[in-house]
Amino acid sequence: MDTPGISLCMIVRNEAQHLEQCLLSVQGMVSEIIIADTGSEDNSMAIAGRFGARVIRLPWEHDFSKARNHTLQLASYGWILVLDADEALADWKPEELKLLLESEHADGYFLPFIHYVGDASGREYVTDNVCRLFRNDVRICFRGSIHEEVASSIWSLPGGHIAYARLPVHHYGYLDDELQRKNKASRNLQLIHAALRLEPDSVPLRYALGTEYYQQGQYQAAAGLLLPLLEEAQPDSGYTADLYLKTAFALQAGGRPADAESVYQAGIGLYADFTDLLESYAGLLLEQGQVWRAYPLLQQALDSGDTAHKYPSSSGSGTYRTRLSAGRVCERLFLYEEAIEHYRQAIGYAPDDVTAWEQLATLCLLSGQAEQLTVFTRQLLPALPRRVLIRLVPAALNARAAPWLAALLAAPHLPEDIRQVLQVLLGTLFRDPEQPGTASAALVRMREDTPDNPWVSGYLWALSCRSGGIAAAGQGLGRLAELPPGLAAMHRRLAGQQPGPAEHRAGSNSMQEHQVASPHAETSHSKLPQCQTEEQEDPSVPAECSFPAPDIGSLADSEHRADTPLSFADFSYAAQLLLQTGAWDTLLVLGRPTIAARFLWSRLPLPLLQGMLHAPASFRLQWCAEYTGQSQHHRLPGDAAEWLLYAAIAQSCGQAPQFTSDDEQTLLQSGSAAAITGLSYYMLLLAAEVHPEGSIAATGSIPWLLLVKSVLQGGDDGR
């Protein structure tokens, strides 16, 4: 097929980093390339020459429209495509493009631009629609010295019409490193101020200036510039919808929530399907605790779907991101089944979204719906990337969810070393729990094959604790140096000794030292099948669903001080190993006050709490006895979640939870609707004992562990 009759027109300066990618993307799509170089000092022009571009030297006069219009005058084909060097076409097809060019009704096309923002690895983006493909007509030209546009000149033509074409363009110029490299903020401000001196009343220029302040986080200055423009901008200007969004959020961030709400409402009155505006308004209401008012806005956004072809938008608005927000709101409203469905839908849009998977897995596990989770996982196995799998495997291990773990084991992208250890755990400990020796022998062979992986020793330590107790664990390993330092220190604590200097890990406020954070981790060591909770000195901070296991290099190389106390992360890591291997006696010892002052079980990874419900009845009964036997167990902040966990475990043993007046005060004073809901449910259970014919039996049982999750998350006021 012949190449479409399009002239590519560009202005370039020092773009060697991006130019080749751009020009590669247009091959077969354009018939000529015209590049105006405004003073490159790198090899940009050499790259352009390799692609057969016609290059002209053009002095830079601080006017983007003037430079662009100069290139338009040199175009020789019937249509013109305008790109910057940090842009690239995405999946254009020549046959589809030629059909668009043959249309007699369009003078130009709005193209969806995908602007990547933040860190390059995050792949977050915002979108808008820009007219960059148009007829070669002398009357069609760019206007504006900055944020130049060609649409207004097309609309000024008799019958001038711009259609929409689903031809994506990727733009990398808003990534953090690019903004810093080019110092775009300073450059743009200079150009806008210069233009405003000539046109002080220009609405587009004032909008551009407000946008610059907005992007720099100067929200009060942005609001002062943008708010007056709402009365001047035309609703169909192309940027007015974005003007309402930026104005409202700038007012919100600048401490003017009432004014922000007025702008949100006015904007939604004009653009009822603008999903970003609806989501942002919902965010304001959530900040104010008005959860019931926020949820309908998110539902309205979901009903609108992906409207990026109409409005500037951000990644996932109206689809997976809105589903995540709706799921979280449903959790705050205790609509757990609806939350699960929102998370399922989010994964349907983005099967590789780690957050959606973690939210779904946690809710399903804590509500006893592991079977549904297994079915859903099997349906999407081929689409599950490595980074999702290494977050789900720890949750499955901690929950002791054998069927789900078996489903994950069949995933094609599961790292092989993780697959091997899962086969050991699933094939012996979970299915034949009375034969821990078989698992130990298999792990010993694995350690011999890969001696530089001390996490295998972690499992061997836990199996030794199960078979012969804590003393046997130390003797069986031969030397504690085989363990990660935090776990070695934990062993000494359990054995009644203070940790030695070489077995302490450095204290820190994050879990980075316990995560695979090395840039070479994907090629040197797989992430491991244990999970870690974030180190929490503040017991009110909830544990996450799951975390990767320690990075071998960072643990081995870190320095350890003899006076550094064991962190909660150390306790959490040990607890996960003990639970996964069924070392129940040692797990009980781990939480006793003599070992860990104010150790809170509810701060462990949430799936592990479900795993505790699958423990032998003897463990659960003893756990409840030790909980109720500890004095002052209900005296400190955060104990509302601990009592709810106790209620869940007691009920799993067929016992009614013990309840004191101090417990009641703890739940009432927590400020958590989830805690008060648990209290109310407990009272209903008591009433049912007195009046079995009452309605409590018909209502079903409440998932206590979901209340634990809600208390830990906070913000569950339910208003």
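What counts and what doesn't
Residues numbered from 1 in each chain as written. Predicted model: local features only at pLDDT ≥ 70, side-chain atom pairs only at ≥ 80, totals over all residues. Heavy atoms only, no water. Helix = DSSP H or I, 4+ residues; strand = E, 2+ residues; numbered from the N terminus. Buried < 20%, exposed > 50% of the residue type's maximum accessible area, 1.4 Å probe, protein only. Areas by Shrake-Rupley, 256 points an atom, 1.4 Å probe, with all protein chains shown as cover. Salt bridge = Lys/Arg side-chain N within 4 Å of Asp/Glu carboxyl O. Pairing = 2+ DSSP bridges. Core = buried A, V, L, I, M, F, W, Y, C linked by side-chain atoms within 4.5 Å. Contact = heavy atoms within 4.5 Å. Axes fitted to C-alpha atoms, helices over the stretch in contact; angles between N-to-C directions. Left-handed = near helix turned anticlockwise from the far one by under 90°. Nonpolar A, V, L, I, M, F, W, Y, C, P; charged D, E, K, R; others polar. pLDDT = per-residue confidence, 0-100. Phe/Tyr/Trp six-rings, centres within 6.5 Å; stacked < 30°, edge-to-face > 60°. Expected span 1.5 Å × (residues − 1).

Enquirer: Let's hear about the overall build of the protein: which residues, and what values?
Expert: The helix and strand inventory of the protein stands at 34 helices and 10 strands. Per-residue burial for the protein yields a buried fraction of 55% across its 719 residues. Roughly 30,200 Å² of accessible area belongs to the protein as shown, and the carbon and sulfur atoms make up 51% of that amount.

Enquirer: Give me the lowdown on the pattern of salt bridges, citing residues and values where you can.
Expert: One side chain can pair with another of opposite charge once the charged atoms of both are near each other. Scanning the model with the defined rule gives 21 salt bridges in all. Close ionic contact of R321 with D276 constitutes a salt bridge, the shortest N to O distance being 3.4 Å. Here D276 lies in helix α12 (residues 275-287) and R321 lies in helix α14 (residues 320-332), a separation of 45 residues in the sequence. R321 gets classed as partly exposed once you look at its relative accessible area, which sits at 25%. Two residues, R592 and E626, come together in a salt bridge whose shortest N-O distance is 2.7 Å. Of the two residues, R592 sits in the loop between α27 (584-590) and α28 (606-613) while E626 sits in helix α29 (residues 617-629), which places them 34 residues apart along the sequence. By relative accessible area, R592 is classed as partly exposed at 29%. Ionic contacts of the salt-bridge type, sharing partners, join the residues R68, D84 and E148 into one network.

Enquirer: Which residues make up the pairing of strand β7 (residues 124-135), and what values go with them?
Expert: As judged from the three bridges shared by strand β4 (residues 79-82) and β7, these two strands associate in the antiparallel manner. Across the sheet, the residue bridging to I80 is F134, located in β7. With 10 bridges connecting them, strand β6 (residues 108-117) and β7 associate as antiparallel partners. The partner of V117 across the bridge, within β7, is E124.

Enquirer: Give me the nonpolar core: which residues, what numbers.
Expert: If you look at the biggest cluster of nonpolar residues, it comprises 177 residues, and the most contacted ones within it are W357, W404, W461, W623 and W704. In this structure, W623 is in contact with L588, W601, M612, L645, Y646 and I649, ignoring residues within four places of it in sequence.

Enquirer: Any chance you could break down the environment of L588 for me, citing the residues and the numbers?
Expert: Tracing the sequence through the fold places L588 in helix α27. Measuring from C-alpha to C-alpha, the distance between L588 and L578 comes to 9.6 Å, with 10 residues separating the pair along the chain. When near neighbours in sequence (up to four residues on either side) are disregarded, L588 contacts F619, Q622, W623 and E626.

Enquirer: Can you lay out the packing of helix α26 (residues 568-581) against α28 for me, pointing to particular residues and giving the numbers?
Expert: At their nearest, the axes of α26 and α28 sit 11 Å apart, and the two run at 35 degrees to each other. For the element pair α26 and α28, the recorded crossing hand is left-handed. For the pair α26 and α28, contact is made by A575, Q576 and L579 and by L608, G611 and M612, respectively. Within the contact of α26 with α28, the residues separate by chemical class into four nonpolar, two polar and no charged.

Enquirer: Which residues make up the side chain of S145, and what values do they have?
Expert: Relative to the elements of secondary structure, S145 occurs in the loop between β7 and α5 (151-155). Residues within four places of S145 in sequence aside, it is in contact with H62, D63, F64, S65, L191 and A195.

Enquirer: I'd love a proper account of helix α17 (residues 370-380), names of residues and values included.
Expert: Residues separated by three or four positions in an α-helix point in the same direction, a consequence of the helix having 3.6 residues per turn. Along α17, the residues classified as buried are L373, T374, F376, T377 and L380. Looking at the buried side of α17, the elements it contacts are α15 (336-349), α16 (354-366) and α19 (402-409).

Enquirer: An account of unusual backbone geometry is needed here, citing residue identities and associated values.
Expert: Here H147, not a glycine, exhibits a phi torsion of approximately 50 degrees, which is positive. Along the polypeptide, H147 turns up in the loop between β7 and α5. Despite not being glycine, R400 shows a phi value in the positive range, around 55 degrees. Tracing the chain through its elements places R400 in the loop between α18 (386-399) and α19.

Enquirer: Describe the environment of V150, with residues and values.
Expert: Looking at where V150 falls in the secondary structure, it is placed in the loop between β7 and α5. Overall, V150 belongs to the buried group, its relative accessible area being 1%. Residues V150 and L133, spaced 17 residues apart in sequence, show a C-alpha to C-alpha distance of 9.6 Å. The contact partners of V150, leaving out residues within four places of it in the chain, are C131, F134, I140, C141 and F142.

Enquirer: Go over the confidence of the model for the protein, please, and point to the residues and values.
Expert: When pLDDT is averaged across the protein, the result is 83; 83% of the residues are at 70 or more. Contacts for the low-pLDDT stretch residues 500-563, under 50 throughout, to residues beyond four places or in other chains number 171 contacts. Counted against residues more than four places away or in other chains, residues 695-699, with its pLDDT under 50, gives three contacts.

Enquirer: Break down the environment of Q580 for me, with residues and values.
Expert: Note that Q580 resides in helix α26. Sequence separation between Q580 and P394 is 186 residues; the distance between their C-alpha atoms is 9.6 Å.

Enquirer: Please provide a residue-by-residue account of the packing of aromatic side chains, values included.
Expert: Throughout the structure, instances matching the rule amount to 26 aromatic pairs. Ring centres 5.2 Å apart and planes at 50 degrees place the aromatic pair W584 and F619 in the tilted group. Of this pair, W584 sits in helix α27 while F619 is found in helix α29, placing the two residues 35 residues apart along the sequence. Here the two residues W584 and F619 agree in accessibility, since each one is buried.

Enquirer: Any details on the packing of α15 against α16? Residues and values, ideally.
Expert: At a minimum axis separation of 9 Å, α15 and α16 run at an interaxial angle of 150 degrees. Along this stretch, α15 crosses α16, giving a crossing that reads as left-handed. Across from Y336, A339, I340, Y343, R344, A346 and I347 in α15, the residues of α16 making contact are A356, W357, Q359, L360, L363 and C364.

Enquirer: Before we move on, can you summarise helix α7 (residues 184-198) with the specific residues and values?
Expert: The end-to-end C-alpha distance of α7 is 22 Å, a good match for the 21 Å that 15 residues give at a rise of 1.5 Å each. K184, N188, L189, L191, I192, A195 and L196 are the residues of α7 that are buried.

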